[in-house]
Amino acid sequence: MNTRKFGASVCLATLFTAPAAFADVTAQEVWDNWKSQMAMYGTDMITFGAETMSGNTLTIESTTYDADQDGITIKAEMGPISLTENGDGTVSVMIPEQYQMSMGNSENFAENHGTISITVANFDMVASGTADAINYDVSADSYLLELVEAFDGGKPVPVEASLKLNGLSGVYSVLTGDLQTVGYDVSASSMDVYFDLNEEFEKMNVSGRTTGMSLASSMIVPTDFDQKSPETMFIDGAEMSFDYTAGPSTYIISVTDGSGTLNMASATESGHLSFGLDKDAMSFAALSTGLNFQAMGGQVPLPLDITAEEYGVSFEMPLAKTEEPAPFAAGITLTDLGLNDMLWMMADPQGILPHDPITFQVAVTGAAKLFFDVMDPKQAAALEQTDVPGELHALTLQNLKLAIAGAEITGTGDFTFDNTDLQTYDGFPRPEGSLSLVGKGINGLLDKVEQMGLPVGDQIMTARMMLGMFTQSTGDDQIETTIDMNAQGNVMLNGQRIK
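Residues numbered from 1 in each chain as written. Predicted model: local features only at pLDDT ≥ 70, side-chain atom pairs only at ≥ 80, totals over all residues. Heavy atoms only, no water.

### Let's talk about the overall build of the protein
Summing up its helical and strand segments, the protein has six helices and 30 strands in all. With respect to the principal axes defined by its C-alpha atoms, the protein has extents near 90 × 60 × 45 Å. Taken over 499 residues, the protein has a buried fraction of 36%. Contacts spanning at least 24 positions in sequence make up 58% of the contacts within the protein whose residues lie at least 6 apart. Accessible surface for the protein amounts to roughly 26000 Å². Of this, 56% is attributable to carbon and sulfur atoms. (Helix = DSSP H or I, 4+ residues; strand = E, 2+ residues; numbered from the N terminus. Buried < 20%, exposed > 50% of the residue type's maximum accessible area, 1.4 Å probe, protein only. Contact = heavy atoms within 4.5 Å. Areas by Shrake-Rupley, 256 points an atom, 1.4 Å probe, with all protein chains shown as cover.)

### Let's talk about the pattern of salt bridges
Per the stated rule, a full pass over the model turns up seven salt bridges. The partner of Arg430 in a salt bridge is Asp421, with the nearest N and O atoms 3.0 Å apart. The two residues Arg430 and Asp421 agree in class, both being buried. One salt bridge connects Arg464 with Asp447, and the closest N-O pair in it is separated by 2.5 Å. With Arg464 in helix H6 (residues 457-470) and Asp447 in helix H5 (residues 442-451), the pair connects residues that are 17 residues apart, well separated along the chain. Under the relative-accessibility criterion, Arg464 is labelled partly exposed at 29%. Linked by salt bridges that have partners in common, Asp418, Asp421, Arg430 and Glu432 make up one network. (Salt bridge = Lys/Arg side-chain N within 4 Å of Asp/Glu carboxyl O.)

### Things to note about the side chain of Thr335
Residue position: Thr335 is located in strand S22 (residues 326-339). For Thr335, the side chain forms a polar contact with the side chain of Thr333, separated by 3.3 Å. At 3.0 Å, the side chain of Thr335 and the side chain of Gln361 are in polar contact. Excluding anything up to four places from it in sequence, Thr335 contacts Ala308, Glu309, Glu310, Ile358, Thr359 and Gln361. (Polar contact = N/O pair within 3.5 Å; in protein donor to acceptor, adjacent residues only side chain to side chain.)

### A closer look at a nonpolar patch on the surface
A surface patch of nonpolar side chains, amounting to about 430 Å² of accessible area, comprises Val313, Ile332, Phe360, Leu402, Ile404 and Ile409. Tracing the sequence through the fold places Val313 in strand S21 (residues 300-318). Residue Val313 is classed as partly exposed on the basis of its relative accessible area, which comes to 41%. (Patch = residues over 30% accessible without salt bridge, like charges linked within 9 Å, V, L, I, M, F, W, Y side chains within 5 Å.)

### What to know about the layout of surface pockets
Empty space within the second largest pocket amounts to approximately 350 Å³. Residue lining of the second largest pocket: 19 residues in total, with Ile409, Leu437, Ile442, Leu467 and Ile479 positioned closest to the centre. Residue assignment for the lining of the second largest pocket shows that the elements contributing at least two residues are strand S24 (390-404), strand S25 (407-418), strand S26 (430-440), H5, H6 and strand S28 (478-485). It is S28 that contributes the most residues to the lining of the second largest pocket, four residues altogether. (1 Å grid on protein atoms, 1.4 Å probe; cavity = no way out; pocket = protein on both sides within 12 Å on 5 of 7 lines; lining within 4 Å. Points joined across faces, edges and corners; volume = space filled by probe spheres on them.)

### With respect to the environment of Met233
Among the structural elements, Met233 can be located in the loop between strand S15 (203-222) and strand S16 (239-246). Between the C-alpha atoms of Met233 and Lys279, which are 46 residues apart in sequence, the distance is 9.1 Å.

### Thoughts on the packing of aromatic side chains
This model, assessed by the stated rule, comprises six aromatic pairs. Judged by centre distance (4.9 Å) and plane angle (80°), the ring pair of Trp31 and Phe48 falls under edge-to-face. One end of the pair, Trp31, is in helix H2 (residues 27-39); the other, Phe48, is in strand S1 (residues 46-48), with 17 residues separating them in the sequence. With relative accessibility at 0%, the residue Trp31 sits in the buried group. Phe48 gets classed as partly exposed once you look at its relative accessible area, which sits at 28%. An aromatic cluster is built from Tyr136, Tyr172 and Tyr184, whose rings are joined through pairwise contacts. (Phe/Tyr/Trp six-rings, centres within 6.5 Å; stacked < 30°, edge-to-face > 60°.)

### Brief notes about the packing of H5 against H6
In the contact formed by H5 and H6, the axes pass within 11 Å of each other and the chain directions differ by 170°. Relative to H6, the element H5 is oriented roughly antiparallel. Contacts between H5 and H6 pair Ile442, Asn443, Leu446, Asp447, Val449 and Glu450 from the former with Ile460, Ala463, Arg464 and Leu467 from the latter. Here the contact of H5 with H6 is composed, by residue class, of six nonpolar, one polar and three charged. (Axes fitted to C-alpha atoms, helices over the stretch in contact; angles between N-to-C directions. Parallel < 35°, antiparallel > 145°, perpendicular 65-115°, else oblique. Nonpolar A, V, L, I, M, F, W, Y, C, P; charged D, E, K, R; others polar.)

### Quick look at the nonpolar core
For soluble globular proteins, nonpolar side chains are generally found buried alongside one another. Formed by 41 residues in total, the largest nonpolar core has its most connected members in Tyr65, Leu83, Tyr136, Tyr143 and Leu165. Residue contacts for Leu165: discarding those within four places in its chain leaves Asp141, Ser142, Tyr143, Ala188, Ser190, Met191 and Met213. (Core = buried A, V, L, I, M, F, W, Y, C linked by side-chain atoms within 4.5 Å.)

### As for the environment of Ala133
Mapping Ala133 onto the fold places it in strand S11 (residues 133-152). Not counting residues within four places of it along the chain, the set of residues in contact with Ala133 comprises Ser128, Val174 and Leu175.

### Focus on the pairing of strand S2 (residues 51-54)
Across four bridges, S2 lies against strand S3 (residues 57-60) in antiparallel orientation. Bridge pairing links Thr52 to Thr59 in S3. With antiparallel pairing between neighbouring strands as the criterion, S2 and S3 make up a hairpin whose turn holds two residues, including Gly55 at a positive phi of roughly 65°. (Pairing = 2+ DSSP bridges.)

### Some details on the pairing of strand S6 (residues 81-85)
Bridge count between S3 and S6: four bridges; the pairing is antiparallel. Within S6, the position partnered with Ile60 by the bridge is Ile81. Two strands pair when backbone bridges link them, and S6 and strand S7 (residues 91-94) are joined in this way by four bridges, in the antiparallel orientation. In the sheet register, Leu83 faces S7, and the bridge partner there is Val93. The hairpin formed by S6 and S7 contains five residues between the paired strands, and Gly87 there has a positive phi angle of roughly 85°.

### Comments concerning the environment of Gly114
For Gly114, the position within the fold is in strand S9 (residues 113-121). Residues Gly114 and Met38, 76 residues apart in the sequence, show an inter-C-alpha distance of 24 Å. Not counting residues within four places of it along the chain, the set of residues in contact with Gly114 comprises Met101, Ser102, Met103, Glu149 and Ala150.

### Digging into H5
Listed as buried for H5 are Ile442, Gly444, Leu446 and Val449. Structurally, H5 contributes buried residues whose contacts are with S25, S26, H6 and S28. Of the residues trailing H5, Gly453 is marked for its positive phi of about 75°.

These figures capture arrangement, not role.
Okay, here's the thing in structure tokens:
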């Protein structure tokens, strides 16, 4: 599937499922601006009914969306839309309280499709600004997406589903010029989710709520965006970013199949998700705090009770060719992962190991030069054929921490790389810098593993020998090791040259 092309049609479709419209200082300018927005995604996908101006109100009889791309058909029809000039330079926009959207297989749509209804309660939108810079103050008591019907092979699927946003408010903005910028800064007091599948041999039920939600996002698209070549959008100046935060969330899940019923419950104290993409770089970050997860039944042999202070991943990477090295970063965090004793007993039935919370954290930063513009489709073939797409210039281990069963390893390091010297390390740029590692409680952990009576005596002996060869004792069950690499290509381990 051409995901970029299909993505454009879905983005346009979401305009029907978002409590927003377009506005300007006069009703007609509002409507002209709306149509120009739609035209960026394809004029053949959307048709408008009759436009009637009565007094200070412009009414559009209907709006119909019908897209058929890559074997997927999306259909939606919205009733009258009214745009009323308030006499103070602002325009009020009203949309129908309820309308529907369907999506399905293009070849046999009637037999394979789903339909959702969209219901908006007490929707209010007031637009202000100028033709080139429009701001919309938006609010609604609730915004409900509800599955009306679903068919698979001509048979109705016994499923119910809904998603309801409560207490919506925020600002939506459109800036028009050579580049068009669309931005959101919206919040919702809560989101309610419900899903129930009741087939003969498989049942699933999901219900839950997320509170304190907020979203700030921005999308920049060239005004002369070529619909037939969406792959050039970013190299032509498009940018996108979003930043989402949420407060406490609680969800309950039940799954029934041939093995029985699995019941799960999950709660988090907060969540954060961000993403950014343009022709030069891409970034992503996800972090949740206060996890509490339980599961029991089905194929799970014993009750699970898992907690975590926080867990998440992040990365930042360059996408464009640059004269100077560009920064990159990556990180994983899993802090204070707690497992219930019944789960520990699977690995430690005698209770010999400390059941302390587990922590794993790693964060690296660095700098690299790419030889290609990754987002440029004209360079895609050359990029695929090359073995080395760029140069590594710097790498820093900002943080390393692994704590488990009473033992802990921490570390930091910092290296630069000489790409003019590919001989010292057989084709790899020569590194210069140092790495330091500290271990605590490792020998104690090895002692406890021996007490468990596992058939790993040879492996433990080998581990102790390696620790003796490559580390030095600095305290009570504490060891350290330092690796230094210099400009002459020498490698020093704890002050002793090994290369």
